[in-house]
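Below, each chain spelled out in residue letters.
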Amino acid sequence: MADHDIRVLDESNYRTAHSLFRGSLHSAPAEDDRWEHVKRSYDPGRAFGAFQDDEMIGTAQSWPALLAVPGGAEVPAAAVSRVGVRADWTRRGVLSALMRRQFQAFREAGEVVSVLRASEAVIYGRFGYGVASRGRQLKLDRHRVTPAPSAGTGGRIRLVDLDTAVVVAPEVYTRAGLTRPGMTSRWPAWWTMNVDRALRYDNSRMAVHRGADGDDGYVVYSVKGGMGDSGSPSVLTVEDLVATTPEVWAELWRFVFRVDVVDQVVGELRPLDEPLEWLVVDRRAVKVTDVEDETWLRLVDVPAALAARGYGSAEPVVLEVRDRYLPDNDGAYRITPDGVERTTAAADVSLDVDLLGATYLGDVSFTELAGAGRIDVLDGAAPARADALFATARAPWSGTYF
Ligand SMILES: CC(C)(COP(=O)(O)OP(=O)(O)OC[C@H]1O[C@@H](n2cnc3c(N)ncnc32)[C@H](O)[C@@H]1OP(=O)(O)O)[C@@H](O)C(=O)NCCC(=O)NCCS
């Protein structure tokens, strides 16, 4: 019998859970004033604790969201976060038990997929999560940046205060829509924990673009270093940039390049296909300093997830899926340009559910996974067919860190 049990948390133990999570990542508990802010981000019924007797030893929680999938549909998703097990209780199955309990809850809530960001890349594969989108880290030498000639938008960019920011940002995000596979809706607490917190506590700024039809884009940024810091460069980090059109996107970047007393502009986890090099005269002013995993995706309900997305044109392929944690997902699925059905036909490719998650938004191809020996190929022509069926026009990307 397990030496711990999993319980749904309520208001009386959110703070313990939050401190436990922060402690697992070697951070101090939130101060009282911050906690007043943070406590609103716990959703009733969605936070779990692992207990030994009445002592909390681990925790995990999630928020409900929508995930945009290839083809334009949006599916219910559980965005998992604040996962931590006390250091004196690790490697005894506590996270495994929390994960099982969460999957059960996601199923009950009709959540088709789950997404998360991983502190370490070795944790979540076993639970069926695969890397489904990546982002690149960019560093621009601002002194070398001259924007390429452009007609501009004819709009106007203004800096706004906190009260305006917390109203305008969600409106613009909704107006912009989930335009790429991998984007998610943003739950109320996301805005509290990010835009509100960044402007309130972290000296971030928000600039809003107003076009003919009102506010249609914004950028949140912060500047650190420089001025008074002996010799260190002044670095502007773009924290969130949302635009309803490519023209507004370009105008917001041009605004960023114009901010004074800045030596470097940094973008973290930006889309792999963001055409920033094409926005400036000297493309070598833009350095890609890293490419990192962004969304870890778990198909909780494989048939529903496969049915929700669109497919390109190619001859059908039969995928055999293995799922250790949710075995009713096990089985063969015949994928065609018109949709998906369970089948008893022989498999062309056999793979674990985490790798199906990795292919689902179009990030990694079946050919790449076959090349790395990660999937079993039973028909040598099948990876190319599967690639054509699963490919997406734009690189998947979320842009919502949580
Ligand atoms: C990651 C963490 C929650 C794992 O909790 P845990 O209770 O030790 O996990 P479990 O005991 O259920 O582990 C299940 C399996 O995953 C493996 N595993 C879990 N975390 C691992 C890690 N960080 N590195 C390598 N293997 C890991 C275990 O060895 C075990 O393998 P097995 O099934 O082959 O025996 C815990 O280590 C932790 O709190 N880490 C610091 C905070 C953190 O990184 N949180 C995640 C934020 S995204």
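Predicted model, so just to flag it, every value in this text is computed and none were measured.

Enquirer: Outline unusual backbone geometry, supporting the account with residue identities and numerical values.
Expert: A positive phi angle is found at His 26, which is not glycine, with a value near 65°. Residue placement: His 26 occurs in the loop between helix 1 (11–24) and helix 2 (32–38). Accessibility expressed as a relative area gives 76% for His 26, which makes it exposed. A positive phi is found at Leu 269, a non-glycine position, where the angle reads about 50°. Relative to the helices and strands, Leu 269 is located in strand 12 (residues 264–270).

Enquirer: Give me the pairing of strand 7 (residues 134–141): which residues, what numbers.
Expert: By the bridge criterion, seven bridges tie strand 7 to strand 13 (residues 286–293) in an arrangement that is antiparallel. The residue of strand 13 that forms the bridge with Arg 136 is Val 291. The sheet contact formed by strand 7 and strand 12 spans five bridges and is antiparallel. Bridge pairing in strand 12 places Lys 139 opposite Val 266.

Enquirer: How would you summarise the environment of Gly 110 if you had to cite specific residues and measurements?
Expert: With respect to the helices and strands, Gly 110 occurs in the loop between helix 3 (94–108) and strand 5 (113–116). Along the chain, Gly 110 and Ala 60 lie 50 residues apart, while their C-alpha atoms are 19 Å from each other.

Enquirer: Can you break down helix 4 (residues 162–176) residue by residue, with the values?
Expert: Think of an α-helix as turning once every 3.6 residues; residues three or four places apart then point the same way. Here helix 4 contains 15 residues, and its C-alpha end-to-end distance of 21 Å stays within 8% of the 21 Å for a straight helix at 1.5 Å per residue. Of the positions making up helix 4, those classed as buried are Ala 165, Val 168, Ala 169, Pro 170, Val 172, Tyr 173 and Ala 176. The secondary structure elements touched by the buried residues of helix 4 are strand 8 (156–160), helix 5 (188–201), strand 9 (205–211), strand 10 (214–225) and strand 11 (234–243). Looking at the residues trailing helix 4, positive phi occurs at Gly 177, about 80°.

Enquirer: Give me the lowdown on the site of the ligand, citing residues and values where you can.
Expert: Close contacts around the ligand come from 19 residues, with Val 85, Arg 91, Gly 93, Ser 96 and Ser 119 the closest. Here an oxygen atom of the ligand sits 2.6 Å away from a polar atom, N or O, in the main chain of Arg 91. At a separation of 3.5 Å, an oxygen atom of the ligand approaches a polar backbone atom of Val 94. Here the ligand, which alone exposes 890 Å², has 74% of that area covered by the protein.

Enquirer: Provide a residue-level description of the domain arrangement of the protein, including the pertinent values.
Expert: Where the parts come together, the accessible area they lose is often given as the size of the interface. Here the protein is partitioned into domain 1 (5–111), domain 2 (136–293) and domain 3 (302–390). Distance between the C-alpha centres of domain 2 and domain 3: 36 Å.

Enquirer: An account of the sheet that holds strand 2 (residues 47–52) is needed here, citing residue identities and associated values.
Expert: Spatially, 1-2-3-4-5-14-6 is the arrangement adopted by the seven strands of the open sheet, whose pairing is mixed. In the strand order of this sheet, the two ends are held by strand 1 (5–8) and strand 6 (129–131), each with one partner. Averaged over all pairs of adjacent strands, the angle between strand axes in this sheet comes to 30°, irrespective of strand direction. One ladder, built from four bridges, connects strand 5 with strand 14 (residues 296–299); its direction is antiparallel. Bridge pairing links Val 115 to Leu 297 in strand 14. Set on the sheet, helix 3 makes contact with strand 1, strand 2, strand 3 (55–68), strand 4 (74–85), strand 5, strand 6 and strand 14; between it and strand 3 the angle comes to about 40°. The strands touched by helix 8 (residues 353–360) within the sheet are strand 6 and strand 14, with strand 14 carrying the most contacts at an inclination of about 115°.

Enquirer: Any details on the sheet that holds strand 9? Residues and values, ideally.
Expert: Across the sheet, seven strands lie side by side as 8-9-10-11-12-7-13; this open sheet has mixed pairing. Bordering the open sheet on either side are strand 8 and strand 13, each of which pairs with just one other strand. Across the sheet, the mean angle separating the axes of adjacent strands is 25° when strand polarity is ignored. Running over the sheet, helix 4 touches strand 8, strand 9, strand 10 and strand 11 and is turned about 125° from strand 10.

Enquirer: Any details on the environment of Gly 84? Residues and values, ideally.
Expert: Mapping Gly 84 onto the fold places it in strand 4. By relative accessible area, which is 5% here, Gly 84 ends up buried. In sequence terms Gly 84 and Val 94 are ten residues apart; their C-alpha atoms lie 9.4 Å from each other.

Enquirer: Summarise helix 1; cite the residues concerned and give the values.
Expert: Across its 14 residues, helix 1 extends 21 Å between first and last C-alpha, which sits within 8% of the 20 Å expected from 1.5 Å per residue. When we look at burial in helix 1, the residues that qualify are Asn 13, Tyr 14, Ala 17, His 18, Leu 20 and Phe 21. Buried positions in helix 1, seen along its axis, are confined to an arc of 165° and lie on one side of it. Tucked into the core, helix 1 has its buried residues touching helix 2, strand 2, strand 3 and strand 4. His 26 occupies a position one or two residues after helix 1 and carries a positive phi of about 65°.

Enquirer: So, the environment of His 143: which residues are in play, and what are the values?
Expert: Along the chain, His 143 falls in the loop between strand 7 and strand 8. In the structure, His 143 is positioned 142 residues away from Ala 285 in sequence and 8.6 Å away in space, judged by C-alpha atoms. In terms of polar contacts, His 143 uses its side chain to reach the side chain of Asp 263, at 2.8 Å.

Enquirer: Break down the side chain of Ser 222 for me, citing the residues and quoting the values.
Expert: With respect to the helices and strands, the residue Ser 222 is situated in strand 10. On the basis of relative accessibility, which here comes to 3%, the residue Ser 222 falls in the buried class. A polar contact is formed between the side chain of Ser 222 and the side chain of Glu 239, at a distance of 2.8 Å. Apart from residues lying up to four places away in sequence, Ser 222 is in contact with Asn 203, Ser 204, Val 235, Leu 236, Thr 237 and Glu 239.

Thresholds applied
Residues numbered from 1 in each chain as written. Predicted model: local features only at pLDDT ≥ 70, side-chain atom pairs only at ≥ 80, totals over all residues. Heavy atoms only, no water. Helix = DSSP H or I, 4+ residues; strand = E, 2+ residues; numbered from the N terminus. Buried < 20%, exposed > 50% of the residue type's maximum accessible area, 1.4 Å probe, protein only. Pairing = 2+ DSSP bridges. Expected span 1.5 Å × (residues − 1). Contact = heavy atoms within 4.5 Å. Near = heavy atom within 4 Å. Polar contact = N/O pair within 3.5 Å; in protein donor to acceptor, adjacent residues only side chain to side chain. Areas by Shrake-Rupley, 256 points an atom, 1.4 Å probe, with all protein chains shown as cover. Domains from an automatic or database assignment. Axes fitted to C-alpha atoms, helices over the stretch in contact; angles between N-to-C directions. Arc of directions from axis to C-beta.

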